Amino acid sequence: MVGDGEIAIVASCPSIFSVVGSASLKFGDKAGDFHNKNAKMIHFVLLISRQGKVRLTKWYSPYSQKERSKVIRELSGVILARGPKFCNFVEWGGYKVVYKRYASLYFCMCIDHDDNELEKLEIIHHFVEIMDRYFGSVCELDLIFNFHKAYYILDEILIAGELQESSKKTVARLITAQDSLVETAQEQASSISTIIAQATK
Amino acid sequence: MEQLKTIGRELAMGSQGGWGQSKEFLDLVKSIGEARSKAEEDRIVMNEIETLKRRITEPDITKRKMKEYIIRLVYVEMLGHDASFGYIHAVKMTHDDSLLLKRTGYLAVTLFLNEDHDLIILIVNTIQKDLKSDNYLVVSAALTAVCKLINEETIPAVLPQVVELLGHPKEAVRKKAIMALHRFYQRAPSSVAHLLSNFRKRLCDNDPGVMGATLCPLFDLIAADADSYKDLVISFVNILKQVAECRLPKSYDYHQMPAPFIQIRLLKILALLGNGDKQASEHMFTVLGDIFKRCDPSSNIGNAVLYECICCVSSIHSSPKLLESAAEVTSRFLKSDSHNLKYMGIDALGRLIKINPETAEEHQLAVIDCLEDPDDTLKRKTFELLYKMTKPSNVEVIVDRMIDYMISINDNHYKTEIASRCVELAEQFAPSNQWFIQTMNKVFEHAGDLVNVKVAHNLMRLIAEGFGEDDEAADSQLRSSAVESYLRIIGEPKLPSLFLQVICWVLGEYGTADGKFSASYVTGKLCDVAEAHPSDDIVKAYAVTAIMKISAFEIEVGRKVELLPECQSLIDELSASHSTDLQQRAYELQTVLSLDARAVASIMPSDASCEDIEVHKSLPFLDGYVQEALVKGAQPYIPQNEQSGMANISNFRSQAHHVPSTHGLRFEAYELPQPPVASRIQPVPLTASKELVPVSETTYPQENVRAASVPSVSETGPFELKLQLDGVQKKWGRPTYSPTAPSTSNSSSQKAVNGVSQLVQGTVVSQTRNMPYDSRKPQVEVSSEKQKLAASLFGGSSSKREKRLTSTSHRTSRVQTHAVEKSQMPTATVASTEHAAEKAPQPPPLDLLDLGEPTPGDTIPPLDPFKQLEGLLGPSDVSSVASSAVSVSKSSDIISQYAENPMSAVGGTVANMAPASFDYINLLSGLPNLANRDIHGGSAATHVAPVKKGPNPQDSLERDALARQVGVTPSSTSPNLFSDLLG
């Protein structure tokens, strides 16, 4: 019975567990060229700690919650077990996962089989550098408590599974613009509320 | 010590006001961090979900509170739990006017919802509004959401606005608009087909970021149709030249490389455009040579660009000079100490040998090192390379290695892949029949249930038809060696079902063909198989059919068939089987046994598996029977399409397919209702509705309005009137039979099977310790065995001559390689113990702030941003912080550092947080065990997921169809026909 359940899970997750060709065969009508073999994209970004705890997940291809847990479970098993001198790439179910360890955090990216791994490794580094600049020497705790900030930064770097901006300065400028706007909004709100408070006194 | 650092970090967080999060949330995050097990974590999260469920529905929640709840929902969902009860609140938050809340709302919905979620329709309106906002930040947020959420159905709703935003004054907006259009193109190419020129235009954007983003959609477009973009070759080359010459703003530099990410994208595009186009390629030569020279080989990003250059050079029309540079870089990669570069080198080599096979010879030893590396990833990549460079002279060594590796791994996905590669190589390059059969046996024995069914049928066909040459002697030799080896291994336990099927089929067809084995001997073996697999109906069916064939062949040559007692009992058992298929086969076997030689020869001709079966579509042999029936007064048959009412139905059906395409969602406002007069005039031109004009005019005026407004469905009138009939027909009507259907459905279902079998995969459990381990130290002394292996893999002209010799030479070469492996065993064990020793004194688990890599001197990039982290506690000696041996004086230093921290700002919470975070660290460092347990859990789960070969009806149907293709006996689908023939 357990076996049956497992198969059902496997069969229902076309995007990651099947080779690209058959996925496009099966889902060709629904998603158009989404899975065509030429489209090179990042399928997901995953941050896990050395203990296998999830710190950040961003999915650019559709995965159900069940598939997500499965992916995380399997990948952390594979990646955390690898030796320090091994390559930063893992072939995994027809896809490739590029990972890099920073302190106790593993940054992982799932990419297509024929993409440039070294480049993706540098995209990870690019992301980390930007976070470092933003948080001021970033550490895992920053990500634990401010994961939503990390999401905002990631959204400025990657969009729809592609690198959208390679200039650190531009990204930093956008993020600050958003933050400052948010702050002014907050100030306004508080000043208005004090005015109201005073008026109603 | 490490704990203190964490406290410091937390204090700093506290002083920042925790980014506006409440203590409650911080506590949640902390308690999850402290959780000792997954179960505990789950319990905490479940509690949190309950709390949120309650709180989020309370009336009068402040927006600020709500925002925090949403972020907590994101957190819960991130940890793998279901937060769907709160999705609607996230959707509501996107409607808010304040950007702060709106942004949170958008973030949450993009994380929560996949593109096909029902709630998306509720966001479309907000997105539409936000795309028109004056504030570019609002527009950016909306565009980010567009990229994730807008699906094929909703593209038309936002498309016009997104296109408009291509001209937005802010480059950040233009860039996102481009990416959104790119996403639309991926989702539904037709929806943006008329807008493709926009991408070309944006290529000339002033902002390099926008230009860089435009390369993404252009890459896709060029990959789909390179010819219509050939005119852009010169532009791309120019851009690349400018980028390489550092003409872009400094802010695009990355580790002293000018805009490397843009360079890589351009190189990818050029590779597509120059593929098989000499003229286009010639434009690129200069700039490519330039990049080879300029790239910094010491940085990772420089190597990434160089690798992309190699890909480009190997794709475009070849230039000897560039190939030389590419080979140079490749050899540098292969010689590097970094595993990453070796990996890239192996990949690059795989590309270069396609153009010039000689390239590989120089790197023989490097490749063999990679093959024996303990790193699985590298090993697999190397197998990929070997697969590409297999030729008749080295096939034996390569396939042997592949099979050895295949046996050693647990990853089903990769096992399947490598098994099918082995089969492919063996079929293509097999030096002798014997070797081929042996190899196939090994593959099937170890991966039989994983390989595609098709592979098995291919093997049967190959044995039946031979290797294509018209050499009957060789073919029959192949068959008899197959039969011989199968009879030898048939008794082994635990053979995969698929392999047994092949064995049974071959024994049935050719078991007695060369007269070496008696019919009763083979039959006995087959009975044993059927007995040994009582639960496998398919194997039993194959076995019975094989017995039937052998008996039939015996009868044909006039020998008397004495049924063995075990065979008789098998027949008795199967005649009472639950499976009708098995029953059918058992009865057929009994019938065949009672027939005379002539009848048997006509139903079971010997060695007829290769003959094509002709299908008489018009069933002419039934003509007499039909005639007789007609004479007796039966109704003549009316072809289906001429039967009354049918013609209309098919029309309706095609219409029914047509109509939904015009349905879909409408995003523009409804047209103003037209005055009734107009509707009365409109229907007149509708010719199809003429017959029901009176009815439709009086009772269905609104329908007519619709018909008029959507002229393409002008026939909706009659369609709706007869709708009932259509439904009835679909449900009760005679299923249409078309004789060509089986073959087409056959092929597609095969593909499905293909997909299914490839769906299954598992975790890579590193088995690397078992592998012979050869250190990657510089080759001071290259063992002679290794050189021999190299010679057998890469063997140049000498070994090519060798392959012309008889198969004995092959066998000796195999013996040699075995010797190689054996002689390596001692060194392997030594090396692995060394390896273990190396691992043992590893420092205890690092804490959050410890950035030292466990082993020094690996791939830390020169500019590690985290280096500065260690300075958090003051610039005191970094190395002493990393090593846990810290002197007392230093720790007191650091404590005093804390004292200087703005403690007063945090106030009382400090006291609360300090002990908790102590625990936090302790617990975290205790967790590696948990992680290990997780790993075991993962691999255990995959053990439970083998491909199921059960009696899935569709499966068996397909198998049946396939079986018939390769000439296996009739089956349960045509029982009547069979008995009719027998009279």
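Just so we're clear, the structure is a prediction, and the values are computed from it rather than from any experiment.

## Quick look at the overall build of chain B
And step 1. When helices and strands are tallied, chain B shows 49 helices and zero strands.
And step 2. When the 983 residues of chain B are sorted by exposure, 49% land in the buried category.
And step 3. Summarising the internal contacts of chain B: among those between residues at least 6 apart in sequence, 70% fall at separations of at least 24.

## What to know about the overall build of chain A
And step 1. For chain A, the helix and strand inventory stands at eight helices and seven strands.
And step 2. With 201 residues in all, chain A has 70% of them scored as buried.
And step 3. Expressed as a percentage of contacts within chain A between residues at least 6 apart in sequence, the contacts between residues at least 24 apart total 51%.
And step 4. Entry remark: accessible area of chain A is about 6,300 Å², with carbon and sulfur atoms responsible for 59%.

## What to know about unusual backbone geometry
Residues and elements named next belong to chain B.
And step 1. A positive phi angle is found at Cys 246, which is not glycine, with a value near 65°.
And step 2. Here Cys 246 lies in the loop between helix H13 (233–244) and helix H14 (260–274).
And step 3. Cys 246 sits in the partly exposed class, given a relative accessible area of 42%.

## Observations regarding a nonpolar patch on the surface
And step 1. A cluster of nonpolar residues, Leu 619, Phe 621, Leu 622, Tyr 625, Val 626 and Leu 630 of chain B, forms a patch on the protein surface that exposes about 580 Å² of accessible area.
And step 2. Within the fold, Leu 619 of chain B resides in the loop between helix H31 (597–603) and helix H32 (623–631).

## As for the confidence of the model for chain B
Residues and elements named next belong to chain B.
And step 1. Of all residues in chain B, 63% have pLDDT values of 70 or greater, and the mean over the chain is 72.
And step 2. Note that pLDDT drops below 50 for residues 966–983; the model gives that stretch 29 contacts with residues more than four away or on any other chain.
And step 3. If you check the scores for this complex, the pTM reads 0.65 and the ipTM reads 0.80.

## Observations regarding the pairing of strand E3 (residues 89–92) of chain A
Residue and element names in this part refer to chain A.
And step 1. Residue alternation in E3 divides its side chains into two sets, Phe 89 and Glu 91 and Val 90 and Trp 92, and both sets are buried.
And step 2. Here E3 runs beside strand E4 (residues 95–102); their pairing, made up of four bridges, is antiparallel. For Glu 91, the partnering residue across the bridge sits in E4 and is Lys 96.
And step 3. If you look at the hairpin formed by E3 and E4, you'll find two residues sitting between the two strands, and Gly 93 has a positive phi there, around 55°.

## Thoughts on the pairing of strand E5 (residues 105–111) of chain A
Residues and elements named next belong to chain A.
And step 1. In terms of burial, E5 is largely enclosed, as seven of its seven residues are buried.
And step 2. Taking every second residue as pointing to the same face, both faces of E5 are buried, with Leu 105, Phe 107, Met 109 and Ile 111 on one and Tyr 106, Cys 108 and Cys 110 on the other.
And step 3. Relative to E5, E4 is paired through seven bridges, and the arrangement is antiparallel. Among the inter-strand pairings, Lys 96 is bridged to a residue of E5, identified as Ile 111.

## Some points on the environment of Leu 221 of chain B
Residues and elements named next belong to chain B.
And step 1. Looking at the element boundaries, Leu 221 is found in helix H12 (residues 208–224).
And step 2. As a C-alpha pair, Leu 221 and Gln 186 span 35 residues in sequence and 9.8 Å in three-dimensional space.
And step 3. Residues contacting Leu 221, with those up to four places away along its chain left out, are Tyr 185, Leu 196, Phe 199 and Tyr 229.

## Quick word on the sheet that holds strand E2 (residues 54–59) of chain A
Residue and element names in this part refer to chain A.
And step 1. Taken in spatial order, the five strands of this open sheet run E2-E1-E5-E4-E3, and their pairing is antiparallel. Two strands in the sheet have a free side with no partner beyond their single neighbour: E2 and E3. Ignoring which end each strand starts from, the neighbouring axes of this sheet average 20° apart.
And step 2. Relative to strand E1 (residues 42–49), helix H4 (residues 65–80) is tilted by about 60°, and along the sheet it contacts E1, E2, E3, E4 and E5.

## Some remarks on the packing of helix H5 (residues 117–135) of chain A against H14 of chain B
And step 1. Contact geometry of H5 of chain A with H14 of chain B gives a least axis separation of 11 Å together with a crossing angle of 155°. The angle between the axes of H5 of chain A and H14 of chain B places the two elements in the roughly antiparallel class. As H5 of chain A packs across H14 of chain B, the resulting crossing turns out to be left-handed. Contact residues: H5 of chain A offers Glu 119, Lys 120, Glu 122 and Ile 123 of chain A, while H14 of chain B offers Phe 261, Ile 264 and Lys 268 of chain B.
And step 2. By residue class, the composition of the contact of H5 of chain A with H14 of chain B is three nonpolar, no polar and four charged.

## Some words on the packing of aromatic side chains
And step 1. Going through the model one piece at a time under the given rule, you end up with 20 aromatic pairs over all chains.
And step 2. Judged by centre distance (6.2 Å) and plane angle (80°), the rings of Trp 505 of chain B and Tyr 510 of chain B are edge-to-face. Per residue, the accessibility class of Trp 505 of chain B equals that of Tyr 510 of chain B, and both read buried.
And step 3. Through pairs of rings, three or more aromatic residues link up here, namely Phe 147 and Tyr 151 of chain A together with Phe 25 and Tyr 75 of chain B.
And step 4. Across the ring face of Tyr 414 of chain B, the terminal group of Arg 380 of chain B is positioned such that the distance to the ring centre comes to 4.1 Å.
And step 5. Note that Arg 421 of chain B overlies the ring of Tyr 387 of chain B, its terminal NZ or CZ placed 4.4 Å from the centroid.

## Some remarks on the pattern of salt bridges
When the charged atoms of two side chains lie near each other, side chains of opposite charge can form a pair.
All names here are of chain B.
And step 1. A complete count under the given rule lists 44 salt bridges over all chains for this structure.
And step 2. Between Arg 72 and Glu 68 there is a salt bridge whose closest N-O contact spans 3.1 Å. One end of the pair, Arg 72, and the other, Glu 68, are both in helix H4 (residues 63–78), four residues apart, so they sit about a helical turn from each other. As far as burial versus exposure is concerned, Arg 72 and Glu 68 are alike and both buried.
And step 3. Between Arg 294 and Asp 290 there is a salt bridge, with the nearest N and O atoms lying 3.3 Å from each other. One end of the pair, Arg 294, and the other, Asp 290, are both in helix H15 (residues 278–294), four residues apart, so they sit about a helical turn from each other.

## Topic: H15 of chain B
All names here are of chain B.
And step 1. The terminal C-alpha atoms of H15, which comprises 17 residues, lie 25 Å apart, in line with the 24 Å expected from a rise of 1.5 Å per residue.
And step 2. Burial in H15 covers these residues: Ala 280, Ser 281, Met 284, Val 287, Leu 288, Gly 289, Ile 291 and Phe 292.
And step 3. In this structure, the buried side of H15 is in contact with H13, H14, helix H16 (300–315) and helix H17 (320–335).

## Quick look at the nonpolar core
Side chains that are nonpolar tend, in soluble globular proteins, to be buried together.
And step 1. One finds Phe 107 and Leu 158 of chain A together with Leu 131, Phe 184, Phe 236 and Tyr 486 of chain B to be the most contacted residues of the largest nonpolar core, which totals 296 residues.
And step 2. At 12 residues, helix H28 (residues 537–556) of chain B tops the list of elements feeding residues into this core.
And step 3. Those residues in contact with Leu 131 of chain B, other than ones at most four positions away along the chain, are Val 139, Ala 142, Leu 143, Val 146, Val 158, Gln 161, Val 162 and Leu 165 of chain B.

## Some points on the confidence of the model for chain A
And step 1. Residues of chain A with pLDDT of at least 70 account for 71%, and the chain-wide mean is 78.
And step 2. Element-level pLDDT for chain A is lowest in helix H2 (residues 14–17) of chain A, with a mean of 30, against a maximum mean of 95 in E5 of chain A.

Conventions adopted
Residues numbered from 1 in each chain as written. Chains lettered and ligands numbered in written order. Predicted model: local features only at pLDDT ≥ 70, side-chain atom pairs only at ≥ 80, totals over all residues. Heavy atoms only, no water. Helix = DSSP H or I, 4+ residues; strand = E, 2+ residues; numbered from the N terminus. Buried < 20%, exposed > 50% of the residue type's maximum accessible area, 1.4 Å probe, protein only. Contact = heavy atoms within 4.5 Å. Areas by Shrake-Rupley, 256 points an atom, 1.4 Å probe, with all protein chains shown as cover. Patch = residues over 30% accessible without salt bridge, like charges linked within 9 Å, V, L, I, M, F, W, Y side chains within 5 Å. Salt bridge = Lys/Arg side-chain N within 4 Å of Asp/Glu carboxyl O. pLDDT = per-residue confidence, 0-100. Pairing = 2+ DSSP bridges. Axes fitted to C-alpha atoms, helices over the stretch in contact; angles between N-to-C directions. Parallel < 35°, antiparallel > 145°, perpendicular 65-115°, else oblique. Left-handed = near helix turned anticlockwise from the far one by under 90°. Nonpolar A, V, L, I, M, F, W, Y, C, P; charged D, E, K, R; others polar. Phe/Tyr/Trp six-rings, centres within 6.5 Å; stacked < 30°, edge-to-face > 60°. Lys NZ or Arg CZ within 6 Å of the ring centre and 35° of its normal. Expected span 1.5 Å × (residues − 1). Core = buried A, V, L, I, M, F, W, Y, C linked by side-chain atoms within 4.5 Å.

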